[in-house]
Amino acid sequence: MKIESPRGTDDLLPKETRVWQYIENTIRELCETYNYREIRTPIFEHTEVFQRGVGETTDIVQKEMYTFFDKGGRSITLRPEGTAGVARAFIQNKLYGDVNQPVKVYYNGPMFRYERQQEGRRRQFHQFGVEVLGSEDPAVDAEVIALAVSIYKRLGLKKTKLVINSLGDPESRKEHREALIKHFTPYKGELCSDCKTRLEQNPLRVLDCKVDMDHPAMKTAPSILDYLNESSKQHFEKVKQYLDAMGIEYEVDPNLVRGLDYYYHTTFEIMSVQEGFGAQATLLGGGRYDGLIEQFGGPRTPGVGFALGMERLLLALEHENIELPIRDALDVYVVAIGDDVITDAVRLVYDLRNEGFIVDKDYQNRSVKAQFKAANRLDAKYVVIIGEDEKEKGTVKLRSMEDREEIEVGKDDLIDILHDKLGGKENG
Ligand code: HAM
C-alpha cells in the first residue's frame, strides 16, 4: 500500500513553515498591539459544543464534521471552527469574572471540515481568529474589523474588499424570518432539497445557498436591513460611523448572512478581488454573536470576532506576487580543514550558538571547497575557518562572505568580534 496523507490535508515543509511563521508572528504582533492575548483550546470537543454553538441547520454541522465515538463511547468532534470552543472555555473557566472586561483573545491552529477539496478549500485548514467577550459596544465591532483589515494591509495585500451587514437582534430577525418564509414559499417547488428544509428550519440559510444562488427569487428577497428595529439600526449606524472615522472602506451587502447560526447584528467578510483568484475568495469572516454564551448556559455575554483562513491568505499573497521580507540566513558557517580540527569545530559551533548566533557546520564529510559552497547556499554572513595551522597558533580565520575579506583573529577574541560585526544577541 502506498502511504499518503489523507485527501484535503497538506504537509508544510521547512521552506513553507518559514513563511507561515513570518505571517503568524506578524498577526500575533498586531493582535498584541490591540491588547489581545492568546487562548489555546482543545482540538476536539464534545460534539454538542458545535451542534449547539455552530447550529444544527448549518452545512458545517449537517455535512462537514469529523465526528467519532471515543473508547469511552462519547461523541467527539474535531473542531470545525474556533468560536464555539472559546465560548465553552469562557464559561467553564469563569472568564466572565475576570477583572479585565471585555475578555479579548486570539487563537491560531488547525480546524477540520469534511468538504470537497479544492484550492483554498481543505479538510484540515488553519484559522487565525480573535474573539471579544463581554461588551456590546459597537466600537468593539469596529475594533475587530479594523484589526482584520490591518492584518492584510500589514502583509502588503492591496486587492481586498471589506463587506459588512447587520443581521439585527432576535426581534428584528423574527420579523425578517417571517417575511422570508412568505417570500420563498411560492417558489418552494423550484428550490433545492436542502433549501426546502432550510425554509422551514432557518430561512436565512436559503440566502446563502450555492445551488439556488441564481434563482430570480433571491434577488427580490426581503432585505434584513429593512427589518432592523431601532436599536439594531443604531448599532449598525455606530459601527459604520466608527469605521468611517478610521478611514476604513467597506461595502454593505444585505445578503451577507454567513454560514454559522450564532450571528446577530454585525457580520463581515474580507475577500480577495484579485483577478483569477478563484472560487474561494473569502479570506476572512466574522461577526457578533450576542446569544452564544447564554445558549451554552453561561451568563448573558455579548461577543464578536472573526477568523481568517491561513491557506487562503497565503494564496492571496501568491496571487498578488508579494515577497515577504523573510530572513533565512546563517550568521556563521564553520569550515574545518583536516580531521584533527573537527573536535575544535564542534566545540566552536556550540560556543557560538550559546552566544545566540545562528551557526552551522558540515556533517557530510565535504571537501573544503564544498563546505564553502554549502556556506554560500545557506547564505552565511561569515565563515570561520579552522585548520591545523590555526589550531596550533590558537587562532581562526574569519571571512566575510559579503566582501570576501579575510582576517586572522585570536580564538578568544572571535566572539567579541562577531558580536561587534553582527550586533550582538539581537543581531539581524
Ligand atoms: P468561517 O467563515 O466558517 O467562520 O471561516 C472563516 C475563514 O476560514 C473563511 O473565511 C476561510 O478563509 C477559512 N476557511 C473556512 N473553511 C475552510 C476550508 N475548508 N479550507 C480553507 N479555509 C477555510 C468561522 O469559522 C467563524 N468561527 C468566524 C468567527 C469568529 N466568527 C466570530 N468569531
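Residues numbered from 1 in each chain as written. Predicted model: local features only at pLDDT ≥ 70, side-chain atom pairs only at ≥ 80, totals over all residues. Heavy atoms only, no water.

Moving on to the overall build of the protein. Regarding its fold elements, the protein presents 15 helices and 16 strands. The C-alpha radius of gyration computed for the protein amounts to 28 Å, which surpasses the reference 22 Å derived for 428 residues by more than 25%, pointing to a less compact arrangement than a globule. Taken over the C-alpha atoms alone, the protein extends approximately 95 × 55 × 50 Å along its principal axes. Residue burial in the protein is summarised as follows: out of 428 residues, 50% are buried. For the protein, the computed accessible surface area is about 22,200 Å², with 47% contributed by carbon and sulfur atoms. (Helix = DSSP H or I, 4+ residues; strand = E, 2+ residues; numbered from the N terminus. Rg over C-alpha atoms; globule rule 2.2 N^0.38 Å. Buried < 20%, exposed > 50% of the residue type's maximum accessible area, 1.4 Å probe, protein only. Areas by Shrake-Rupley, 256 points an atom, 1.4 Å probe, with all protein chains shown as cover.)

It is worth spelling out the side chain of Arg-123 at this point. Topologically, Arg-123 is positioned in the loop between strand 5 (103-112) and strand 6 (124-133). At 8.2 Å, Glu-115 is the nearest oppositely charged side chain to Arg-123, a buried residue that forms no salt bridge. Reaching out from Arg-123, the side chain makes a polar contact with the backbone oxygen of Glu-115 at a distance of 2.8 Å. Look past the residues within four positions of Arg-123 in its chain and what remains in contact with it is Arg-7, Gly-8, Tyr-66, Met-111, Phe-112, Arg-113, Tyr-114, Glu-115 and Arg-116. (Lys, Arg positive; Asp, Glu negative; His and termini not counted. Salt bridge = Lys/Arg side-chain N within 4 Å of Asp/Glu carboxyl O. Polar contact = N/O pair within 3.5 Å; in protein donor to acceptor, adjacent residues only side chain to side chain. Contact = heavy atoms within 4.5 Å.)

The buried fraction of strand 11 (residues 303-309) amounts to seven of the seven residues, a majority that puts the element mostly inside the structure. Here strand 11 shows two buried faces, one formed by Gly-303, Gly-305, Ala-307 and Gly-309 and the other by Val-304, Phe-306 and Leu-308. Sheet analysis places strand 10 (residues 282-288) next to strand 11, joined by five bridges and oriented antiparallel. Considered in strand 11, the bridge of Leu-284 is made with Leu-308. (Pairing = 2+ DSSP bridges.)

Where helix 1 (residues 14-33) contacts helix 11 (residues 310-319), the axes come no closer than 12 Å and their chain directions differ by 105°. In terms of their interaxial angle, helix 1 and helix 11 are classed as roughly perpendicular. Taken together, the residues of helix 11 that come into contact with helix 1 (itself represented by Val-19, Trp-20, Ile-23, Glu-24 and Ile-27) are Met-310, Glu-311, Leu-313, Leu-314 and Leu-317. Taken together, the residues of the contact of helix 1 with helix 11 break down into eight nonpolar, no polar and two charged. (Axes fitted to C-alpha atoms, helices over the stretch in contact; angles between N-to-C directions. Parallel < 35°, antiparallel > 145°, perpendicular 65-115°, else oblique. Nonpolar A, V, L, I, M, F, W, Y, C, P; charged D, E, K, R; others polar.)

What follows deals with the domain arrangement of the protein. Taken domain by domain, the protein comprises domain 1 (14-169 + 229-319) and domain 2 (332-419). The straight-line distance from the C-alpha centre of domain 1 to that of domain 2 is 49 Å. (Domains from an automatic or database assignment.)

This part is about the site of the ligand. Neighbouring the ligand are 27 residues; Glu-81, Glu-115, Arg-122, Glu-131 and Tyr-263 lie closest to it. A distance of 2.5 Å is found between a nitrogen atom of the ligand and a side-chain nitrogen or oxygen belonging to Glu-81. Within the contact set of the ligand, a nitrogen atom lies 2.5 Å away from a side-chain nitrogen or oxygen of Glu-115. Surface burial for the ligand is 96%, taken as the share of its 660 Å² of free accessible area covered by protein chains. Elements with a minimum of two residues in the shell around the ligand: strand 6, strand 10 and strand 11. A total of six residues in the shell around the ligand trace back to one element, the largest contributor, which is strand 10. Among the residues making up the shell around the ligand, the classes are represented as ten nonpolar, nine polar and eight charged. (Near = heavy atom within 4 Å.)

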